[in-house]
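Chain by chain, the residues:
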Amino acid sequence: MLLNTVLTVREGIPGSHRDLGWQEYTKNAVKTILEQNTPIVIMAWGNYAKGIVKELSSVLHAKVLVLEGTHPSPINHGKGFLGGKYFSKANEWLVRQIGRAHV
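Being a predicted model, the structure only gives us computed values, none of them experimental.

Q: Describe in detail the layout of surface pockets, supporting the description with residues and values.
A: Unfilled space is identified by rolling a water-sized probe across the atoms. Its boundaries defined by the atoms lining it, the largest pocket holds a volume of some 1,300 Å³. Residue lining of the largest pocket: 43 residues in total, with L3, N4, T5, W45 and H71 positioned closest to the centre. Elements with a contribution of two residues or more to the lining of the largest pocket: α1 (22-34), β1 (40-45), α2 (47-55) and α3 (86-98). Classifying every residue of the lining of the largest pocket by side-chain character gives 27 nonpolar, 13 polar and three charged.

Q: Account for the packing of aromatic side chains, with residues named and values stated.
A: According to the stated counting rule, one finds three aromatic pairs in the structure shown. A ring pair is formed by W22 and Y25, whose centres lie 6.1 Å apart and whose planes are at 85 degrees; its orientation type is edge-to-face. Residue W22 and its partner Y25 are both found in helix α1; the two are separated by three residues, about one turn of the helix. Among the aromatic residues, those joined into a ring-pair cluster are W45, Y86 and F87.

Rules and cut-offs
Residues numbered from 1 in each chain as written. Predicted model: local features only at pLDDT ≥ 70, side-chain atom pairs only at ≥ 80, totals over all residues. Heavy atoms only, no water. 1 Å grid on protein atoms, 1.4 Å probe; cavity = no way out; pocket = protein on both sides within 12 Å on 5 of 7 lines; lining within 4 Å. Points joined across faces, edges and corners; volume = space filled by probe spheres on them. Helix = DSSP H or I, 4+ residues; strand = E, 2+ residues; numbered from the N terminus. Nonpolar A, V, L, I, M, F, W, Y, C, P; charged D, E, K, R; others polar. Phe/Tyr/Trp six-rings, centres within 6.5 Å; stacked < 30°, edge-to-face > 60°.

Spatial relationships are all this shows, so hold off on functional conclusions.
Spelled out as structure tokens, the structure:
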């Protein structure tokens with residue numbers, strides 16, 4: 001599942017809807033998923049996502065892998081997202097957790 005912390009934005013104005021309550025919705029959705037106690041990979045890209053992970057640190061468990069990085073938007077081009085190998089790392093970890101590759 002891919003989930004942004006803020007689900008809407010005014011065209012051409014990054015972060016324009018960050019004060020509309022989306023973070024609470026996102027945080028509750030992630031918390032509900034974490035309560036399933038199954039292997040989960042969270043890819044927290046950008047400061048908003050990292051903030052939500054920090055807020056949820058009390059419900060993270062051993063079956064959760066958190067990979068943090070810069071947001072992959074064009075604004076951040078060349079600032080570290082490329083080369084992060086997030087999907088490879090996630091897949092390798094999930095194979096160790098589950099015992100087989102899921103494609």
